[in-house]
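Single-letter residue listing:
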Amino acid sequence: SAHLLSKANIVLLQFTLSTVGPKSLFMKNAVINASNILQKGGVLLFRDFGRYDDDQLQLNSIVGARLEDNFYMRGFEEEKDEAYGVLREAGSRTESINYVHSAGLVHSSSMEAPKGTVCYFFNLEDVRKLFIDAGLEVLQLEYVTRVHKKSAKSGTANGAISRKRIWVHGRFRKP
C-alpha cells in the first residue's frame, strides 16, 4: 500500500523468505517491498533457515522432498520410526523454549512447519545479494548455530536426541 511507503523504522522478516521459491521474483520482490516500507535510516531484521540445518539434512534424504538445490517440500516424511516422531516433537518444543528465554519473546509452542509447505535454506551470500540488490546496506550478517538436546525413550546410545539448528541472522539499514 502506498500509505506504508517510507513509514517504518523497523521491519522484521522472520522465517518468511524461506517459504518462497529461490529462483522466483517473489523472493526478490518481497525484499524490495520490505525495503520500500522502511524510512531512511530504518533497519530490517532478518532470521531464516541456514544451509545444512538439521531439517535440511533430514529432508535431503527423503525421496521427492527436494525441489531444487536447497529448496524442499515438507510433508513427504514417513514417520516409521517412533524416535523420529519424538525427535520432531521434542525439537519443536526445545526450540520454542530456548527462543523464548534467549530473546525474551513469546510465541507459539511449536515452530514445526505444516506438511506441504516449502522451505529454502540460505547461505550468507544468498542473503547478502538479496538485500544489497534491494538497496540496503549490511550491518550484520552471520550464522547462528544451536544444538538442542532432549532425552527420549529411544534415541542415541545414551538416550539423548540432539538436533543442530542453523539460522541466518541479519541486520540491514536503508541508507
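Structure shown above.
First, a word on what this report is: a plain description of the structure on this page. (Residues numbered from 1 in each chain as written. Predicted model: local features only at pLDDT ≥ 70, side-chain atom pairs only at ≥ 80, totals over all residues. Heavy atoms only, no water.)

1. Here we look at helix H1 (residues 25–37)
Here's step 1: Between its terminal C-alpha atoms H1 stretches 18 Å, which fits the 18 Å expected from 13 residues at 1.5 Å a residue.
Here's step 2: By the burial criterion, the buried members of H1 are Met27, Val31, Ala34 and Ser35. Around the axis of H1, the buried residues are gathered within 100° of arc, so they sit on the same side. Residues Leu25 and Phe26 are exposed on H1 and point more than 90 degrees away from its buried face.
Here's step 3: Looking at the buried side of H1, the elements it contacts are strand S1 (8–14), strand S2 (38–49), strand S5 (118–120) and helix H4 (124–133). (Helix = DSSP H or I, 4+ residues; strand = E, 2+ residues; numbered from the N terminus. Expected span 1.5 Å × (residues − 1). Buried < 20%, exposed > 50% of the residue type's maximum accessible area, 1.4 Å probe, protein only. Arc of directions from axis to C-beta. Contact = heavy atoms within 4.5 Å.)

2. Notes on the sheet that holds S2
Here's step 1: With mixed pairing, the four strands of this open sheet are ordered in space as S1-S2-S7-S6. Two strands in the sheet have a free side with no partner beyond their single neighbour: S1 and strand S6 (137–151). Strand-to-strand twist of the sheet, defined as the mean angle between neighbouring strand axes without regard to direction, takes the value 15°.
Here's step 2: Note: S2 against strand S7 (residues 160–173), seven bridges, orientation antiparallel. Bridge pairing links Phe46 to Gly170 in S7.
Here's step 3: Where H1 meets the sheet, it contacts S1 and S2, and its direction lies at approximately 145° from that of S2.
Here's step 4: Along the sheet, H4 contacts S1, S2, S6 and S7; its crossing angle with S6, the most-contacted strand, is approximately 145°. (Pairing = 2+ DSSP bridges. Axes fitted to C-alpha atoms, helices over the stretch in contact; angles between N-to-C directions.)

3. Thoughts on unusual backbone geometry
Here's step 1: Even without being a glycine, Phe15 presents a positive backbone phi close to 50°.
Here's step 2: With respect to the helices and strands, Phe15 occurs in the loop between S1 and H1.
Here's step 3: Phi is positive for Tyr52, close to 70°, though the residue is something other than glycine.
Here's step 4: A residue is classified by how much of its surface remains accessible, and Tyr52, at 55% relative accessible area, is exposed.

4. A word on the nonpolar core
Here's step 1: Counting 24 residues, the largest nonpolar core has Leu17, Leu44, Phe46, Phe122, Val127, Phe131 and Phe172 as its most contacted members.
Here's step 2: Contributions of two or more residues to this core are made by S1, H1, S2, S5, H4 and S7.
Here's step 3: Take this core: its biggest share by element is four residues, from H4.
Here's step 4: Sequence-distant contacts of Leu44, that is, excluding residues within four places in its chain, are made with Val11, Leu13, Ala34, Leu38, Phe131, Leu136, Gly170, Arg171 and Phe172.
Here's step 5: Phe15, Ala65, Phe121 and Val144 belong to the second largest nonpolar core, which has 10 residues in total. (Core = buried A, V, L, I, M, F, W, Y, C linked by side-chain atoms within 4.5 Å.)

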